[in-house]
Every structure is written in structure tokens, then in C-alpha cells.
Amino acid sequence: MITTSILHSFFTKSHFLKTYSLLILFLMNADRTFSQTGNTINKILFVDDYWIDTLENLHRTLHQPKKYSNYPVLAGSYPWENNMVQTRRGPQWIDEERIWKIWYNAAGKLGPKGSGGVEEYNFGMAICLATSRDLINWEKPFTRTISYYGSKENNIVLNGLISGPIYDRNEPVADRRYKAMLNQYKNGVMSWHPIFSSDGVHWSNPVEEGVKASDETQLLYDEISKEYRFYCKGFLPGKIREKLIDGRPIQPNNHRCVYLSTSKDFIKWTIPELVFHADELDQKIGAKRNVSAKADSNRLYPTAQYDNPNQYYTDIYSMAVFNYEGIYIGMPCMFDQTGSLRNNSAGLLYPELATSRDGYKWNRAGNRDIFLSLGSKEDFDGGNILMAAHPIIKDEQVWFYYLGQPETHDGGISRLSRVNGGIGLSKLRLDGFISIDAGNKPGLLTTKVIDFTGDNIWLNLDAAGGEVLVELLDAKNFKPLKGFSFEKCIPVSSDAVATKVQWQNQRGLQSIKGKKIVFRIKMSNAKLYSIQVK
């Protein structure tokens, strides 16, 4: 958790080696979830090699979302949130109210004057509620639920820190329509406990039994596995940790990674198991990024006191996870540490991209390039970026919300001088995570065998300055099906998220429905983002 509160007192190393833990997730709208069985497909993305057999004279390109503004769409405007406004989960559409809602973490910067007459830092954290009609302009309705310095005129709905909530539109029990995990910290041990609400404002007492995990978490209901998933921060086991340290003086608590706990009923949770961690290549990449950031006068970088190349070390601060077209996409937050301080580290936080077919085994995507770059030292997101789960599909784009902060990670050293960051918005072309690209010389993409069950083939592509041709091969002999060769294909030269592929003298694809086929695509001066069969 990026916070200046007591939550920086993470679990002790010895405790985590006995239990496990880690972070994030929820899914997009249920009607966007894609079901995949066997070799039957609805949409092919290029975030991994799952459907790709061969690529000839083609290459992949990672695409970053475009930031909506240099300013946050949601920032602190009241005393109880003038130090920190952040979220790990994007907005949710509330059916019965016909409105978008977002729950966010907040903390005030200044509390009442102490005995010395100096204003003191307020360590208290709160969960606040905001609403919107358009996902850009946000209002903060006063719920008059929680007292803040003697007044309930505020939008605070809960004291403390939660993971979630999930708005479960299919929950038959009204009092459990909203679900969240509440953070508790007792006797040096941090844990998360189920809580429920009928309206997202008034919450139940926590369930006694919880999940032992550190402060960065992500919660979702997974439509693929039909279970609740709780991705949470933990720390690396000894053997993996020692291999990555390679003899360097790294703090014991600075070995963050991602664990996963699951539940069928939201009450009983499995013991978290390790699912994602940094490796040796991350150490090399992180060190290079530190050198580059330090040399850039337009970038924020920790002070010389907290810059020690012998302590450059990269771990996984958190990971936002969401379902997208039948697969899991993760946005691991890479913590490139620059040096130790107290029981923590200074450094910079960047999101990358990862994919999985089961939520347990993950593949790194996009050559480990940064998915959303930090802003300049003048911007609200110049020091840290953490992506929120549950992006929204709108206007043929994927809208990502994220936490941006105008300071580097420093374990709370600069908390009294912190300038408010906030929640930013960035937008990505639909399916536009990674494209297959061709230059002047034509390239060929060949898929694996597919059970064809659709009526049409649609391409999400940018071929405005080039050309794309598609032919369908018989999986038995890998020869073009009659009437579906390159020669019969009508060239595609558009820039659109859904362009139908057509062949001469063919009114439809009924003749190949139910067959096992292979797609072969010839491209020049074009980008291909996805293939959809429907």
C-alpha cells in the first residue's frame, strides 16, 4: 500500500515464511466475459502465443494507454483526503441506481495541533465514495455515516482500509450485495476479513476468520473459475530470495511478491500460495531504469541519500488482475528500489503487463516494457503509478484508472511535504494491448488449429497505409479451403476495431462451420490487434 500510515509496518519476514500472501483483481462487465472451451474461440489476442503457430517477418509491439489528462480525474478536496487519494479498483456500474461508483482510500495530511502548537500528521485512513454519470466528472456525496472530528458531513463510508468492494448484482441476499475484505492489524500481524453491505455505505462487522496478508491486495469475483479471488502481497521464500539478492545488502522486508487465496462462499478462504515474483532479468532491467531515471533532469528520483547502486533491487509491489476475453491480464507494479531506508526502500513504481490462462501461472508480455509511463517531475503521477483493476470498455476503448503520485516511494519519509496525487485515467484502443506488426516486406501469421463455429471473421487492425489478406486452411492438409484463399480475399486497408473479412463470391461462412481450420494472414504496413469470430 502506498501510504504514509502505520501500514508500512509490514508482516515480519518470519511470519510470512510460515503463512504466505499477496494482491489484486476484479473483472470487467459480465456481459463482456468470453467463454473458451477446447479449441473453440471467440477472439484471438496477441498478448501471448496461445493461438499463434508461426510468425514470419512480423514483430510484436506493446501499446501504452493514452493519458486523458496531466491532472487526476479524482483528487483530494476535503481535509480528510488532502494527503492521499488512491484506489486499487476501477469504477463499478450500479444497476438499480443507474450510476457509476468508485470507493477510494483517503487520508488527511494535517490533524489538530499538538502540545507544541504544531499541526501533526493524521495517520488515519478512510474509505470514501464518489459517483459519476460519465466516468470523468466525479461527485462526492455526503453519506453522513462516519464522524470525522465530530462531524458526519463527509463522504466517508468506513474507517480503515478495505480490498474491493465487489458489487455482486447476482447475490440473492440483499445484505451481502456488496462484499469487501477489511484490513486488521493486531499484535504485529496483518490480516484481511470479509465484510458485507446492502448499499456500499453501511457495513457489517468483520468475519473473525480472515486471510493473513500484507497491505497490497486485489479482490474479484472470477467468472472463469466461478470463485472469489484475493491477490495479496507477501514476501519471497528463502531460496528464491537468496538467488535474487546475489549477495547484495537488501532489507529482509524488501522481497515483495504476489500470492493468491480463493473462496467459493466469500467466508472460508484458502491459504495463499505464491503465484508471481520478480526474477533475475527484472534485476537487470530495474537497474537500467534507475540509471536512466537518475540521468533525466525532467524525472523525479530519490535523493542521493537513498541512491545506492549496490542496493538496486526490483520486486513486485502489487498486481492488478482482471478478466479480458476469457484470459487473465495482470499489470504487475514493478518496484525498482534505489536504496534502503529504515525497514523499507526508496525507489520508483512502474506497471508492466502479464497474462495467464488460469490466474496461477503467468507469462510476461510486451518484452517487459512499461505499460504506462511515469509523468514528468511536474505532473501528479511523476513518482509512482499503480494500475487499478476492473477497467471499463467504453467508446471502443479500454479505460484504465490508476493511482498517480508526485513523489517517489520512500517509506513515508516525505509525508509531511507530500503534495496530493490522485486517481488518473488512461485510454487504450479496444484489444490494443499488443499488436502484430508488418513493415514494407509482407509478413505471415499462422494460427494453431481452431474449431470454427462462427458466422463471420472480424479484424481489429490499422492497415490504413497497407494491406491485410486472410486465407483459411484445412487443418487436415494445410491447404486453402476452396474459395477462401489469399487470391479470393478482398484486401483490407482500414483502421477500425471491427472490419469484416470477405472473399469473392462468398456470401458467408456457413460452408466451413464446424470444420477444423487454420488462419493464415498476410500483412504489409499494418498492425493487427485481434481476430474475432462471431
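Further up the page is the structure itself.
Definitions and limits used
- Residues numbered from 1 in each chain as written.
- Predicted model: local features only at pLDDT ≥ 70, side-chain atom pairs only at ≥ 80, totals over all residues.
- Heavy atoms only, no water.
- Helix = DSSP H or I, 4+ residues; strand = E, 2+ residues; numbered from the N terminus.
- Buried < 20%, exposed > 50% of the residue type's maximum accessible area, 1.4 Å probe, protein only.
- Contact = heavy atoms within 4.5 Å.
- Areas by Shrake-Rupley, 256 points an atom, 1.4 Å probe, with all protein chains shown as cover.
- Pairing = 2+ DSSP bridges.
- Salt bridge = Lys/Arg side-chain N within 4 Å of Asp/Glu carboxyl O.
- Expected span 1.5 Å × (residues − 1).
- Arc of directions from axis to C-beta.
- Polar contact = N/O pair within 3.5 Å; in protein donor to acceptor, adjacent residues only side chain to side chain.
- Core = buried A, V, L, I, M, F, W, Y, C linked by side-chain atoms within 4.5 Å.

Student: Looking at this structure, how should I read the overall build of the chain?
Tutor: Scanning the chain from N- to C-terminus turns up 3 helices and 39 strands. When the 534 residues of the chain are sorted by exposure, 59% land in the buried category. Relative to all contacts within the chain whose residues are 6 or more apart in sequence, the contacts with residues 24 or more apart total 70%. A total accessible area of about 21500 Å² is found for the chain, and carbon and sulfur atoms account for 48% of it.

Student: For this particular structure, what's the right way to read the sheet that holds strand β15 (residues 162–167)?
Tutor: In space, the 4 strands of this open sheet follow the order β15-β16-β17-β18, with antiparallel pairing throughout. Each of the sheet's edge strands pairs with one partner strand only, and the pair in question is β15 and β18 (211–212). As defined by bridge partners, β15 adjoins strand β16 (residues 178–186) across 4 bridges and the pair is classed as antiparallel. The residue bridging Ile166 from the neighbouring strand is Lys179, located in β16.

Student: Whenever I open this one, unusual backbone geometry confuses me. Can you help?
Tutor: Glycine aside, the phi torsion of most residues is negative, and most peptide linkages are trans. Residue Pro165 is reached from Gly164 by a cis peptide bond, and omega for that bond is 5°. The topology assignment puts Pro165 in strand β15. The backbone of Lys226 sits at a positive phi, close to 60°, despite the residue not being glycine. Secondary-structure assignment places Lys226 in the loop between β19 (217–222) and β20 (227–235). The partly exposed category is assigned to Lys226, whose relative accessible area is 46%. Of note in the backbone geometry, Asn367 takes a positive phi value of approximately 60° without being a glycine.

Student: Would you mind going over the pattern of salt bridges with me for this structure?
Tutor: Pairing of side chains with opposite charge becomes possible as their charged atoms draw close. Tallied over the entire structure, the rule returns 32 salt bridges. The partner of Arg169 in a salt bridge is Asp95, with the nearest N and O atoms 2.9 Å apart. Highlighted residues: Arg169 in the loop between β15 and β16 and Asp95 in the loop between β8 (92–94) and β9 (99–107), separated in sequence by 74 residues. Owing to a relative accessible area of 28%, Asp95 belongs among the partly exposed residues under this scheme. In this structure, the salt-bridge partner of Arg368 is Asp279, at a minimum N-O distance of 2.8 Å. Of this pair, Arg368 sits in the loop between β27 (362–365) and β28 (384–387) while Asp279 sits in the loop between β22 (273–276) and α3 (280–295), placing them 89 residues apart in sequence. Taken together, the shared-partner salt bridges connect Asp279, Asp282, Arg289, Asp336, Glu352, Arg364 and Arg368 into one network.

Student: I would appreciate a short explanation of the environment of Gly404 in the present structure.
Tutor: Here Gly404 shows up in strand β30 (residues 397–405). With 318 residues separating them in the primary sequence, Gly404 and Gln86 have C-alpha atoms 7.9 Å apart.

Student: What am I meant to see in α3 here?
Tutor: Residues spaced three or four apart along an α-helix point in a common direction, a consequence of the helix completing one turn every 3.6 residues. Taking 1.5 Å per residue, 16 residues should reach 22 Å; α3 reaches 24 Å between its end C-alpha atoms and fits that length. All of the buried residues along α3 are Asp282, Gln283, Gly286, Arg289, Asn290 and Ala293. Within α3, the buried residues cover an arc of 130° as seen down the axis, which keeps them to one side. Turned more than 90 degrees away from the buried face of α3 sit Lys284, Lys288 and Ala295, all of them exposed. One side-chain oxygen at the N-terminal end of α3 lies 3.2 Å from the backbone nitrogen of Leu281; it belongs to Asp279.

Student: Sorry, what's going on with the nonpolar core here?
Tutor: Soluble globular proteins tend to bury their nonpolar side chains together. Residues Ile457, Leu472 and Phe519 are the most contacted members of the largest nonpolar core, which totals 35 residues. Of all the secondary-structure elements, those providing two or more residues to this core are β32 (434–438), β35 (457–462), β36 (467–474), β38 (516–524) and β39 (526–533). Ignoring anything within four residues of it in the chain, the contact list for Phe519 reads Leu445, Thr446, Thr447, Ile450, Phe452, Ile457, Val470, Glu471, Leu472, Ile531 and Val533. The next biggest cluster of nonpolar side chains, apart from the first, holds 32 residues, and it includes Ala320, Leu353, Phe380 and Phe400.

Student: When you look at helix α2 (residues 238–245) in this model, what are you seeing that I'm missing?
Tutor: Considered for burial, the residues of α2 that qualify are Arg241, Leu244 and Ile245. Down the axis of α2, the buried set is contained in an arc of 100°. They therefore lie on one face. Seen from the open side of α2, the exposed residues pointing more than 90 degrees away from its buried face are Lys239 and Lys243. Following α2 by one or two positions, Asp246 has its phi on the positive side, about 50°.

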